[in-house]
Amino acid sequence: MKKLFLSGAIAMAAAALVTVAAAQDSTSIGSEGLQTEPMELVIDDEKLMTRVGAPADSPLSEIISGWEFRNPGTRKMELDDFDNPAFIWVDQGEALWSTVDGTEGKSCETCHDDASESMRGVRASYPKWDEAKGKPQAMEHQVNECRTERMGAEAWKWESDQMLGMTAYVGLQSRGMPVEVQTDGPMQEWWQRGKDLYYMRVGQLDMSCANCHEDHYGEMIRADRLSQGQINGFPTYRLKWQKIGSVHRRFKGCMENIRAVAYKRGSDEFTSLELYLASRGQGLSVETPAVRQ
Ligand code: HEC
Ligand code: HEC
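Chemist: Help me understand the site of ligand 2, please; the structure alone is not making it clear to me.
Modeler: Residues in close proximity to ligand 2 total 24 residues, the closest being G66, C209, C212, S227 and C254. With 5 residues, helix α10 (residues 247-257) is the largest single contributor of residues to the shell around ligand 2. For the shell around ligand 2, the residue count by class is 12 nonpolar, 9 polar and 3 charged.

Chemist: Just to check I follow, could you spell out helix α6 (residues 139-151) for this structure?
Modeler: Spacing of three or four residues puts side chains on the same side of an α-helix, whose turn is 3.6 residues. With 13 residues, α6 ought to run about 18 Å at 1.5 Å a step, and its terminal C-alpha atoms sit 17 Å apart, in line with that. Within α6, the full set of buried residues consists of M139, E140, N144 and R147. Relative to the axis of α6, the buried residues are bounded by an arc of 135° and lie together on one face. Contacts from the buried residues of α6 go to α7 (161-172). Backbone geometry just after α6 places G152 at a positive phi near 65°.

Chemist: Is there a simple way to think about the site of ligand 1 in this case?
Modeler: Taken together, the neighbourhood of ligand 1 is formed by 16 residues, with K106, C108, C111, C146 and R150 sitting nearest. Mapped onto the shell around ligand 1, the elements with two or more residues apiece are α4 (108-112), α6 and α7. Sorting elements by how many residues they give to the shell around ligand 1 places α6 first, with 7 residues. When the residues that make up the shell around ligand 1 are grouped by side-chain class, the tally is 9 nonpolar, 3 polar and 4 charged.

Chemist: Honestly, the environment of L41 in this entry has me stumped. Any pointers?
Modeler: Its location among the elements puts L41 in the loop between α1 (2-26) and β1 (42-43). Not counting residues up to four positions away in its chain, the partners in contact with L41 are L48, T50, W67 and E78.

Chemist: Would you take a moment to explain the sheet that holds strand β9 (residues 236-238) for this structure?
Modeler: Note on sheets: strands pair through backbone hydrogen bonds, and any given pair is parallel or antiparallel. Read across the sheet, 3 strands follow the order β10-β9-β11 without closing on themselves; strand pairing throughout is mixed. Two strands in the sheet have a free side with no partner beyond their single neighbour: β10 (243-245) and β11 (291-292). With 2 bridges joining them, β9 and β11 adopt parallel strand pairing. Across the sheet, Y237 pairs through a bridge with V291, a residue of β11.

Chemist: Is there a simple way to think about unusual backbone geometry in this case?
Modeler: Keep in mind that most residues, glycine aside, have a negative phi and that most peptide bonds are trans. Of the consecutive residues Y126 and P127, the connecting peptide bond is found in the cis state with omega at 0°. Of note, P127 is situated in the loop between α5 (115-118) and β5 (128-130). Between F234 and the following residue, P235, the backbone shows a cis peptide bond with an omega angle of -10°. Checked against the element boundaries, P235 lands in the loop between β8 (224-225) and β9. Even without being glycine, R222 reaches a positive phi, approximately 50°. Given 11 C-beta atoms within a 10 Å radius, R222 is considered exposed.

Chemist: How do you make sense of the nonpolar core when you look at a structure like this?
Modeler: Membership of the largest hydrophobic core comes to 29 residues, with the highest contact counts inside it found for V179, L273, L275 and A278. Sort the elements by how many residues they give to this core and helix α11 (residues 268-280) lands first, with 6 residues. Residue contacts for L273: discarding those within four places in its chain leaves G194, L197, Y198 and F251. With 24 residues, the next largest nonpolar core counts L48, F87, L172 and Y237 among its residues.

Chemist: Before we go on, may I ask you to explain the environment of Y199 in this structure?
Modeler: Relative to the helices and strands, Y199 is located in helix α8 (residues 187-199). For Y199 and A210, which are 11 residues apart along the polypeptide, the C-alpha to C-alpha distance reads 5.8 Å.

Chemist: Where do I start with the confidence of the model for the protein in this structure?
Modeler: Low-confidence regions, as indicated by low pLDDT, have predicted coordinates that should not be scrutinised in detail. Of all residues in the protein, 88% have pLDDT values of 70 or greater, and the mean over the chain is 91. Here residues 1-11 scores under 50 on pLDDT; set against residues more than four positions off or in separate chains, the count is 3 contacts. Predicted confidence is poor over residues 18-32, with pLDDT under 50, and the contacts of this stretch with residues over four places away or in other chains come to 16 contacts.

The rules behind each value
Once a new chain begins, its residue numbering starts again from 1 and follows that chain's sequence as written. All chains are assigned letters beginning with A, and all ligands numbers beginning with 1, in the order in which they are written. The predicted nature of this model means local features are confined to residues of pLDDT at least 70 and side-chain atom pairs, given and counted, to a pLDDT of 80 or more, with totals for whole chains, interfaces and linings taken over all residues. Residues are classed as near a molecule or strand if the C-beta position derived from their backbone is within 6 Å of it. Under the DSSP-based scheme used, a helix requires at least four consecutive residues in state H or I and a strand at least two consecutive residues in state E, with every element numbered from the N terminus. Amino acids are sorted into nonpolar (Ala, Val, Leu, Ile, Met, Phe, Trp, Tyr, Cys and Pro), charged (Asp, Glu, Lys and Arg) and polar (every other residue, Gly among them). For a helix, the expected span equals 1.5 Å multiplied by the number of residues minus one. A residue is called partly exposed when the number of other C-beta atoms within 10 Å of its own lies between 12 and 20, exposed at 12 or fewer, and buried at 20 or more, with C-beta atoms placed from the backbone. Note that the arc is defined by the directions from the helix axis to the C-beta atoms. Throughout, a pair of residues is in contact if the C-beta atoms placed from their backbones lie within 7 Å. Strand pairing is defined by DSSP finding a minimum of two bridges between the two strands. For this entry, the nonpolar core is defined as buried Ala, Val, Leu, Ile, Met, Phe, Trp, Tyr and Cys residues connected by C-beta atoms within 7 Å. The pLDDT score gives, residue by residue, the confidence of the prediction method on a 0 to 100 scale.

Right, dumping it as structure tokens:
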């Protein structure tokens, strides 16, 4: 019975993808399906860049934020922080910033002072090379490094409310700034690894990230409008989750949807994929915390 259900689901998914493939022949990808109701992403009088020109070596002709692909109702929720449900977590993060924890009797504030100054621009540059570790760090890794090595506190779980609150709060300090990650030097090898993963076909549906987010963005896949899978809004409040979630959670969900065995949150695989995706979205404004369907 279970097996039957599974193959039924695969057949359904495959059928949906065939529809996508057929539609591709007659539509110009990219413009199709974008905003039906013109709107700009302006928050607190600041205009965020949701569409930017792509560099010559980009596989995309234009770099477009996921916000542009959502319906007007979802887009509007991001325009005002009072309507943005992610701010429940931002507020928690702000409170944790000055909460003493661990054997050293310190809080984040003890060393980093005012987050609006010390953390400004930080989100835009992550994942970032860590010389001591000899590998790139996602922001979650960095926060836990400060907790365990500098505060004598326990690491937070990747998807815990504390970690999500803190990464949302730190990320908010970069809102509106252009994404700009390092891809050269020691990062080159990790970037390449992320790129390989992005184009690698996996799972029972034998698909790559690119099959959906590069080849078919703007088109419908079942009830969803495919975006470019950009990550400039993470952590993001997702209506379907009824909460905020990390970018690695999203990767995991997409892999599971194509019936692949997902990598672990915080794994080298997902960190390199995050690095590669950040580089594909260079120039887009940080939207943290964004709202998606
Ligand atoms: C004892 C001092 C200390 C405490 C307490 C501390 N940090 Fe740090 N933090 C540092 C230092 C030093 C660095 C720079 C490390 C490096 O460059 O490798 C850093 C770096 C960071 C960065 C990266 C900044 C960048 O420009 O890339 C983030 C984010 C961060 N800390 C967040 C936190 C958070 C959140 C807390 C509280 C949970 C915290 N830190 C607590 C000392 C501290
Ligand atoms: C079968 C199609 C499909 C594949 C393959 C797929 N995704 Fe997705 N993905 C979706 C759909 C549908 C959504 C929700 C609508 C949207 O934003 O595209 C989504 C959303 C996302 C988002 C959120 C975008 C935002 O604006 O918040 C990211 C990031 C993402 N995917 C990354 C990936 C990565 C990385 C891979 C490969 C490991 C992948 N996806 C593979 C269908 C797919």
